[in-house]
Amino acid sequence: MSETGSHNDMAEPEEHLPATHGAHGTEAAVPGDPFANPGHPEHEFRRQDIDEKAAKHSERVVAGLFTLSMLGTLAFITSFVIFPVDKYIYVFPLGHVSALNFSLGLSLAVALIGIGAGAVHWARTLMSDEEMPDDRHRADADDELRANIEAQWVQGAKESAFGRRKLIRTTMLGALTLVPLSAVVILRDMGPLPQDKLRHTAWAKGKALINPNTNKPLRPEDIPVGSLTFAQPEGLNEEDEDFQQQIAKAALMVVRLKPEDIKDKKELDWSHQGIVAFSKICTHVGCPVSLYEQQTHHVLCPCHQSTFDLSDGARVIFGPAGHRLPQLRISVNGEGNLVAMSDFEVPVGPAFWERG
Ligand code: FES
């Protein structure tokens, strides 16, 4: 290696440097013993150990690499700001590539490689590389061993010169502080925050329940006792960008029970002549619930068999679902059509982190 050499062909180490180790082991070699401990080879000092100018040079290289990393991170953020997504540039030998992707990739690579290369160079050239014998011992550490390790740790920290080499320390901390900013920038680019979309569906006061097969409003007389049908809110526009999401979130299951069979008072209050409406999205992981047992009023989710009792506020009576199915409060309007009295009062679907 160009930066190392045997202490035999280099100048003698200065006083503050670690003492040279001769070949040694923890046990004396026994003549004829095939398992004798050969001991350590003679320690070889690196040029930086015995030449302060070489050590200073390595220090500048390490600082330069950390500085390069900082510049890479700044270039990453700058690229993100200045390059539009539709700008392409020619890069040999790749051809035409997105200027934004190319500059983000290149600058992030420089930032990460700068930190890595700086740390490796620091460890190889400036940190202590003195061989330390550590004999096999019992698995549990005794007090003496603990004290020994503690002393080695303190010595290692001292010899890494973290406290003494201020330039390295400052630039390394700068590089490590800046590099996470790249992740922040990328996260910010993941689109708008969902905000209220997680809490609300397309249902609102006065919106008619539409039969998705006929596209006509549902009327109480369309729903005989014991039947189950589905509904979607009126006014959804297929041209809307989020049409499919709105349909999926607002999916509604409408069942007619005998009013005297309804055990939950709130459910009864929110029904109309025994017609109850519940979200069709399973509160476990969101499969559509649809297998209805007329005799028991149970509805089953086909994915993991969560079972809800529709005569008792869609209470979970079996399976992994953690919540009841949300109920939609309904009534009839002046034209005799079934309408919603509000949106769902709780978010629909799988467990929601702030659900009441
Ligand atoms: S999604 Fe319904 S039980 Fe799992």
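All values derive from a computational prediction rather than experimental measurement.

This part is about the packing of aromatic side chains. Applying the stated criterion across every chain, the model contains 0 aromatic pairs. For the cation-ring pair, Lys266 lies above Trp270, with the distance from its terminal atom to the ring centre recorded as 4.4 Å. The ring centre of Phe230 lies 4.1 Å from the NZ or CZ of Lys280, which sits over that ring.

So, on to the state of the cysteines. Counted by the stated rule, this structure contains 1 disulfide. A sulfur-sulfur separation of 1.9 Å characterises the disulfide bridge that pairs Cys287 with Cys303. On the sign convention where negative means left-handed, the S-S torsion of about -90° between Cys287 and Cys303 marks this disulfide as left-handed. Remark: Cys303 occurs in the loop between strand 9 (298–300) and strand 10 (307–309) and Cys287 occurs in the loop between strand 7 (275–279) and strand 8 (291–293); sequence separation between them is 16 residues.

This chain's UniProt record puts "transmembrane region" (unreviewed entry) on residues 61–82, 102–123 and 167–187. With 100% helix and 0% strand, residues 61–82 has end C-alpha atoms that lie 31 Å from one another. Spanning residues 167–187, this segment combines 95% helix with 0% strand, and its end C-alpha atoms are found 32 Å apart.

Pairing is antiparallel across the open sheet formed by 6 strands, whose spatial order is 4-3-5-6-7-12. Edge positions in the open sheet fall to strand 4 (216–217) and strand 12 (327–328), since each of these has one partner strand only. One ladder, built from 2 bridges, connects strand 3 (residues 209–211) with strand 4; its direction is antiparallel. Bridge assignment links Asn211 to a residue of strand 4, and that residue is Lys216.

Before going further, it helps to examine the side chain of His272. Tracing the backbone through its elements, the reader meets His272 in the loop between helix 8 (265–269) and strand 7. Among residues more than four places away in sequence, those in contact with His272 are Pro220, Ile330, Ser331, Val332 and Leu338.

This next bit is on the packing of helix 2 (residues 52–82) against helix 5 (residues 166–178). Packed helix pairs are specified by the crossing angle of their axes together with the interaxial distance, meaning the distance between the axes. Axis separation between helix 2 and helix 5 bottoms out at 9 Å; the angle between their running directions is 20°. The angle between helix 2 and helix 5 falls in the class roughly parallel. For the element pair helix 2 and helix 5, the recorded crossing hand is left-handed. Counted together, Glu59, Val62, Ala63, Phe66, Thr67, Ser69, Met70, Thr73 and Leu74 of helix 2 and Leu167, Ile168, Thr171, Met172, Gly174, Ala175 and Leu178 of helix 5 form the full contact between these two elements.

Turning our attention to the packing of helix 5 against helix 6 (residues 180–188). Between helix 5 and helix 6, the least distance of the axes is 4 Å, while the angle of their chain directions is 15°. Comparing the axis directions of helix 5 and helix 6 gives the class roughly parallel. Contacts from Leu176, Thr177 and Leu178 of helix 5 reach helix 6 at Pro180, Leu181 and Ser182. Within the contact of helix 5 with helix 6, the residues separate by chemical class into 4 nonpolar, 2 polar and no charged.

Another point: the side chain of Thr201. Relative to the assigned elements, Thr201 resides in the loop between helix 6 and strand 3. A distance of 2.6 Å separates the side chain of Thr201 from the side chain of Asp343, its partner in a polar contact. Those residues in contact with Thr201, other than ones at most four positions away along the chain, are Lys249, Ala250, Asp343, Phe344 and Val348.

Here the focus is the sheet that holds strand 10. Read from one edge to the other, the open sheet built from 4 strands follows the order 8-9-10-11, with strand pairing classed as antiparallel. Of all strands in the sheet, those with a lone pairing partner are strand 8 and strand 11 (315–318), marking the two edges. The average angle at which neighbouring strand axes cross in this sheet is 30°, direction not considered. In this structure, strand 9 lies alongside strand 10, joined through 3 bridges in antiparallel fashion.

Another point: the confidence of the model for the protein chain. In the predicted model, the protein chain carries a mean pLDDT of 86, and 89% of its residues have values of at least 70. Note on residues 1–26: pLDDT is under 50 here. Beyond four places in sequence and across chains, it has 50 contacts.

A few words on unusual backbone geometry. In this model, Phe92 is joined to Pro93 through a cis peptide bond whose omega is 0°. A positive phi angle, close to 65°, is found at His297, a residue other than glycine. Mapped onto the elements of the fold, His297 is located in the loop between strand 8 and strand 9. The phi angle at Gln305 is positive, at roughly 65°, despite the residue not being glycine. Its location among the elements puts Gln305 in the loop between strand 9 and strand 10. For Gln305, a relative accessible area of 37% puts it in the partly exposed group.

As a further point, take the pattern of salt bridges. In this structure the tally under the stated criterion is 10 salt bridges. In this structure, the salt-bridge partner of Arg46 is Asp49, at a minimum N-O distance of 3.0 Å. Across the pair, Asp49 and Arg46 agree in class, each one buried. A salt bridge links Lys263 to Asp309, with the shortest nitrogen-to-oxygen separation between them at 3.4 Å. With a gap of 46 residues between them, Lys263 in the loop between strand 6 (252–256) and helix 8 and Asp309 in strand 10 connect regions that are remote in the sequence. Among the charged side chains, a salt-bridge network with shared partners connects Arg46, Asp49 and Asp129.

Here is what the cut-offs are and how they apply
Throughout this document, residue positions are counted from 1 along each chain, in the order its sequence is written. Whole-chain, interface and lining totals are the exception, using all residues; otherwise, since this is a predicted model, local features are given only for residues with pLDDT of at least 70 and side-chain atom pairs are given and counted only at 80 or more. The basis for every side-chain value is the complete set of non-hydrogen atoms in the structure, without hydrogens or water. Pairs were defined over the aromatic rings of Phe, Tyr and Trp, the Trp ring being its six-membered one, requiring ring centres within 6.5 Å. Orientation was assigned from the angle between planes: stacked under 30 degrees, edge-to-face over 60, tilted for the rest. Charge-over-ring contacts are defined here by two conditions on Lys NZ or Arg CZ: a distance within 6 Å of the ring centre and an angle within 35 degrees of the ring normal. Any pair of cysteine sulfurs within 2.5 Å is marked as a disulfide. Helix numbering and strand numbering both begin at the N terminus, where a helix is a DSSP run of H or I of at least 4 residues and a strand a DSSP run of E of at least 2. UniProt positions are given in the numbering used here, feature names are shortened, and annotations may be inferred rather than shown by experiment. Note on pairing: two strands pair once DSSP finds at least 2 bridges between them. Residues are treated as being in contact if the distance between any of their heavy atoms lies within 4.5 Å. Under this scheme, a helix contributes an axis fitted over its contacting stretch, all axes are lines through C-alpha atoms, and angles between N-to-C directions fall in the 0 to 180 degree range. Roughly parallel means an angle under 35 degrees; roughly antiparallel, over 145; roughly perpendicular, 65 to 115; everything else is oblique. Each crossing gets its hand from how the near helix is turned against the far one by less than a right angle, where anticlockwise is left-handed and clockwise is right-handed. Throughout, the ten residues Ala, Val, Leu, Ile, Met, Phe, Trp, Tyr, Cys and Pro are labelled nonpolar, Asp, Glu, Lys and Arg are labelled charged, and all others, Gly among them, are labelled polar. We call two N or O atoms a polar contact when they sit within 3.5 Å, provided that within protein one can donate a hydrogen and the other can accept it, with sequence-adjacent residues counted only if both atoms are side-chain atoms. pLDDT is defined as a per-residue confidence score from the predictor, taking values between 0 and 100. Between buried and exposed lies partly exposed: a residue is buried under 20% and exposed over 50% of the maximum accessible area for its type, with that area taken using a 1.4 Å probe on protein chains only. When a carboxyl oxygen of Asp or Glu is within 4 Å of a side-chain nitrogen of Lys or Arg, the pair counts as a salt bridge.

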